[in-house]
Amino acid sequence: RKKRGGGGGGGGDRKIKNRPSKTAATNAEVPVPWSRFSAWLECVCVVTFDLELGQAIEVHKLRKTSICYLSFPDSYSGCLGDTQFSFRLRQSVGRSSSWFGHEDAYNRDAPVTLQKEHAHFHGYVYFRQVKDASVKRGYFQKSLVVVSRLPFGNLFHSLLQVIAPEYFEKHEPCLETVCNEIDQWPAPVPGQTLNLPVMGVVMQVQIPPKVETSGGSPVKQPQTENLLPAPTVLPSVHELDLFKCFQSVLIHMQMLWELMLLGEPVVVMAPSPTVSSETVLALVSAIAPLRYCGDYRPYFTIHDSEFKEYTTRTQAPPNVILGVTNPFFIKTFHCWPHIIRLGDLKMSGDLPKQVKVKKLAKLKTLDTKTGIYTAYKTFLHKDKSFIKRLLKGIQKKRPSEVQSAILRRHLLEQTESFILPLERYLESLMPPQRSMSPWKTPPQIRSFSQDEFMKTLEQAGPQLTLKGDWTGLYRRFFRSPNFDGWYRLRHREMTQKVECLHLEAICAADLLTWNKDKSEVEIVDLILKLREKLVTRKHQLPVKEELLEKLEQSIQTIISSLPEDLQTLLHRQ
């Protein structure tokens, strides 16, 4: 097997733009070198096919061999010309894979489906393969790759469309300029309209904010500028053309939605990395605004370090979606419960030919026909009127972006209808606000009871016309990684809300009156506890600034009523 090697571009005499150390600078007045670049990208890589050098890419903290293999289509894809696709990989072996272990300013304001991942990287690839008589093998083969923690596929593929063709002509000086330009970009702030200049083009984007609005200040919009050239407005930083991705499986959307909701193991076998990666990402997005909490790999190869982990036959397949192009995987994954075999799109009259659901036993040979190989039976019935609407739209030549909007709205409403009863039940687990006492520990949130929730479905079930076994679907959902991830996130948010309400109760209390008949020891103990709560919660909870100021004033007033020696002691702490 031939080796693929690579180098990087854009870092002076190095061939990579690495993320700077967080300890590089602490002075707020002096910008940390490459800090703005690092807010968007981890690095820019160049991967080249070089028989003499082999793997030569140098990327600190990144898994260089995996990036090399993931950046090239395998030989079965036959990609000539320019090809774009995506991949996703773990940062390092043994790295914590928790979705919810880290939170920064961006993640606090971004929708859960667009938050940074601290255990995974997203790679966005622009691959070029053209005939070149000056090269031994007769072909020029090179990939330009941007690596980021942000799932902004539409933005970064648009960026690559601007810089990659220029790079292939002018090489490293071009990347040096691009990286310096990205280091001048504004921070990725959800809700703001951002102008991102690169190589004479200005991309204008808006990262969606969280749907729920806090009582804080409205997001400030940047001042309108007379931009030259006029900006290229990207309608979304992340949304795919869903209709294009799903046009050969439209009649099976109900099944695919349920498989994603339940976090079932799925393999997508596609004719190219582009189709593979777009299909996997479209599947993951099908349950938005719910976050898909299993693992997913838009493009997966036999060289991936998780290959053995995901292909072992000693245990059940893991909760992961894999996108592959190598026919070898048909034999490797024949024991997986759900395999989507895609081919080149074929038409049946005016309509795209729909693949059929087939028995897994038929998945044996390398030339296996297209189809969805599964024994899965949906809990809910198909929405036939919705499918007819989409198919009629094809016949009427309805634009793909309109078809995608219809499809996205349908999936969104179905997911929201499924989640709504769960949200209502969670609200009932919250302690009543009247139980909040400033002088006691915050009350506990009641435990989630599956049986208790099921009883609520009779009065507050999903508000959809779809018929079927909703109860069975919920019970299966409770065993999925998506329920576990959703519940842990919501429980954390509920705990923060209880802490906020408790802090507000403390701020509204008459601490000076309480102070009158208490001993000095009790007063000092109260001051220390209040200070600790202020320090640990001030920057973590969405509490109104005036309440925090009122609490700080109350603490200072209480301290001033104490003897001078205690005042001195408390001021020193």
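Residues numbered from 1 in each chain as written. Predicted model: local features only at pLDDT ≥ 70, side-chain atom pairs only at ≥ 80, totals over all residues. Heavy atoms only, no water.

### Points about the overall build of the chain
For step 1, the next point in the chain: Check the secondary structure of the chain and you find 19 helices and 16 strands.
For step 2, the next point in the chain: Expressed as a percentage of its 573 residues, the buried residues of the chain come to 49%.
For step 3, the next point in the chain: The contacts of the chain with a sequence gap of at least 6 include a subset with a gap of at least 24, amounting to 74%.
For step 4, the next point in the chain: Accessible surface computed for the chain: about 29000 Å², of which carbon and sulfur atoms make up 52%. (Helix = DSSP H or I, 4+ residues; strand = E, 2+ residues; numbered from the N terminus. Buried < 20%, exposed > 50% of the residue type's maximum accessible area, 1.4 Å probe, protein only. Contact = heavy atoms within 4.5 Å. Areas by Shrake-Rupley, 256 points an atom, 1.4 Å probe, with all protein chains shown as cover.)

### Observations regarding the pattern of salt bridges
For step 1, the next point in the chain: For the coordinates displayed, the defined rule picks out 16 salt bridges.
For step 2, the next point in the chain: Put simply, R90 and E306 hold a salt bridge, and the shortest N to O gap is 3.7 Å. With a gap of 216 residues between them, R90 in strand β3 (residues 81–90) and E306 in the loop between β10 (295–297) and α9 (307–311) connect regions that are remote in the sequence.
For step 3, the next point in the chain: By relative accessible area, E306 is classed as buried at 2%.
For step 4, the next point in the chain: Here D451 ties to R475 by a salt bridge, and the two come within 3.7 Å at their closest N and O atoms. Of the two residues, D451 sits in helix α13 (residues 450–460) while R475 sits in helix α14 (residues 470–477), which places them 24 residues apart along the sequence.
For step 5, the next point in the chain: Overall, the relative accessible area of 49% leaves D451 in the partly exposed class.
For step 6, the next point in the chain: Sharing partners across several salt bridges, the network here consists of R88, R90, E117, D295, R297, D304, E306 and E309. (Salt bridge = Lys/Arg side-chain N within 4 Å of Asp/Glu carboxyl O.)

### Some points on the sheet that holds strand β12 (residues 338–341)
For step 1, the next point in the chain: Here we have six strands laid out as an open sheet, ordered β10-β11-β9-β12-β16-β15, and mixed in their pairing. Edge positions in the sheet fall to β10 and β15 (357–358), since each has one partner strand and no second.
For step 2, the next point in the chain: Strand contacts of helix α8 (residues 273–285): β9 (266–269), β10, β11 (320–324) and β12, with the helix running at about 160° to β11, the strand carrying the most contacts. (Pairing = 2+ DSSP bridges. Axes fitted to C-alpha atoms, helices over the stretch in contact; angles between N-to-C directions.)

### Quick notes on the nonpolar core
For step 1, the next point in the chain: With 67 residues, the main nonpolar core has F418, L422 and F448 as its most contacted residues.
For step 2, the next point in the chain: With nine residues, the single largest contributor to this core is helix α12 (residues 400–429).
For step 3, the next point in the chain: Every residue in contact with F418, bar those within four places of it in the chain, is listed here: W257, L261, W470, L473, Y474 and F477.
For step 4, the next point in the chain: L114, L160, I163 and W185 belong to the second-largest nonpolar core, a separate cluster that totals 37 residues. (Core = buried A, V, L, I, M, F, W, Y, C linked by side-chain atoms within 4.5 Å.)

### Thoughts on a positive patch on the surface
For step 1, the next point in the chain: Together, K382, K384, K388, K392 and K396 make up a region of like positive charge exposed at the surface.
For step 2, the next point in the chain: Mapped onto the fold, K396 is located in the loop between α11 (384–395) and α12. (Patch = residues over 30% accessible without salt bridge, like charges linked within 9 Å, V, L, I, M, F, W, Y side chains within 5 Å. Lys, Arg positive; Asp, Glu negative; His and termini not counted. Charge placed at Lys NZ, Arg CZ, Asp CG, Glu CD.)

### Topic: the packing of α12 against α13
For step 1, the next point in the chain: Remark: α12 packs on α13, axes separated minimally by 10 Å, with the N-to-C direction vectors making an angle of 120°. In terms of their interaxial angle, α12 and α13 are classed as oblique. As α12 packs across α13, the resulting crossing turns out to be right-handed. Residues P421, L422, R424, Y425 and L429 of α12 pack against E452, F453, T456, L457 and A460 of α13.
For step 2, the next point in the chain: Tallied by class, the residues present in the contact of α12 with α13 amount to seven nonpolar, one polar and two charged. (Parallel < 35°, antiparallel > 145°, perpendicular 65-115°, else oblique. Left-handed = near helix turned anticlockwise from the far one by under 90°. Nonpolar A, V, L, I, M, F, W, Y, C, P; charged D, E, K, R; others polar.)

### Some details on the packing of aromatic side chains
For step 1, the next point in the chain: Tallied over the entire structure, the rule returns 36 aromatic pairs.
For step 2, the next point in the chain: The structure contains a cluster of three or more aromatic residues connected by ring pairs, namely W257, F418, Y425, F448, F453, W470, Y474, F477, F478, F483, W486 and Y487.
For step 3, the next point in the chain: Its guanidinium or amino end placed over the ring of Y296, R88 lies 4.1 Å from that ring's centre, counting from NZ or CZ. (Phe/Tyr/Trp six-rings, centres within 6.5 Å; stacked < 30°, edge-to-face > 60°. Lys NZ or Arg CZ within 6 Å of the ring centre and 35° of its normal.)

### Details of unusual backbone geometry
For step 1, the next point in the chain: Cis geometry is found at the peptide bond from A288 to P289, where omega equals 10°.
For step 2, the next point in the chain: Residue placement: P289 occurs in the loop between α8 and β10.
For step 3, the next point in the chain: In this model, M199 sits at a positive phi of 50°, which is unusual for a non-glycine residue.
For step 4, the next point in the chain: For M199, the position within the fold is in the loop between β6 (193–198) and β7 (201–206).

### Here's the deal with the pairing of strand β4 (residues 120–131)
For step 1, the next point in the chain: Among the 12 residues in β4, 10 count as buried, and that is most of the element.
For step 2, the next point in the chain: When β4 meets strand β5 (residues 139–148), the two strands line up antiparallel, connected through 10 bridges. Along β5, the bridge assignment pairs H122 with S148.

### A few points about the confidence of the model for the chain
For step 1, the next point in the chain: Confidence in the prediction of the chain, expressed as mean pLDDT, is 82, and 83% of residues score 70 or more.
For step 2, the next point in the chain: A low-confidence stretch, residues 94–101 (pLDDT under 50), is modelled with 18 contacts involving residues beyond four sequence positions or located in other chains. (pLDDT = per-residue confidence, 0-100.)

### A word on the pairing of β7
For step 1, the next point in the chain: With six bridges connecting them, β6 and β7 associate as antiparallel partners. Each bridged residue has a counterpart across the sheet, and for T193 the counterpart in β7 is Q206.
For step 2, the next point in the chain: Linking two consecutive strands that pair antiparallel, namely β6 and β7, is a turn of two residues; a positive phi of about 50° is found at M199 within it.
For step 3, the next point in the chain: Where β7 lies against strand β8 (residues 232–233), two bridges are found, and the strand directions are parallel. By the bridge assignment for β8, Q204 is matched with V233.

### As for the sheet that holds β8
What links the strands of a sheet is backbone hydrogen bonding, and the strands pair in either a parallel or an antiparallel sense.
For step 1, the next point in the chain: Strand order in the open sheet made by the three strands is β6-β7-β8, with mixed pairing throughout. Of all the strands in the sheet, just β6 and β8 have a single pairing partner and so form its edges.

### So, α11
For step 1, the next point in the chain: With 12 residues, α11 extends 17 Å from end C-alpha to end C-alpha; this agrees with the ideal 16 Å at 1.5 Å per step.
For step 2, the next point in the chain: By the burial criterion, the buried members of α11 are F386, I387, L390, L391, G393 and I394. One face of α11 carries all of its buried residues, which in axial projection span an arc of 150°. For α11, exposure combined with an orientation more than 90 degrees from the buried face picks out K384, S385 and K388.
For step 3, the next point in the chain: Its buried side turned inward, α11 meets α6 (242–246), β14 (351–352) and α12.
For step 4, the next point in the chain: Phi turns positive, to about 60°, at K397, one or two residues after α11. (Expected span 1.5 Å × (residues − 1). Arc of directions from axis to C-beta.)

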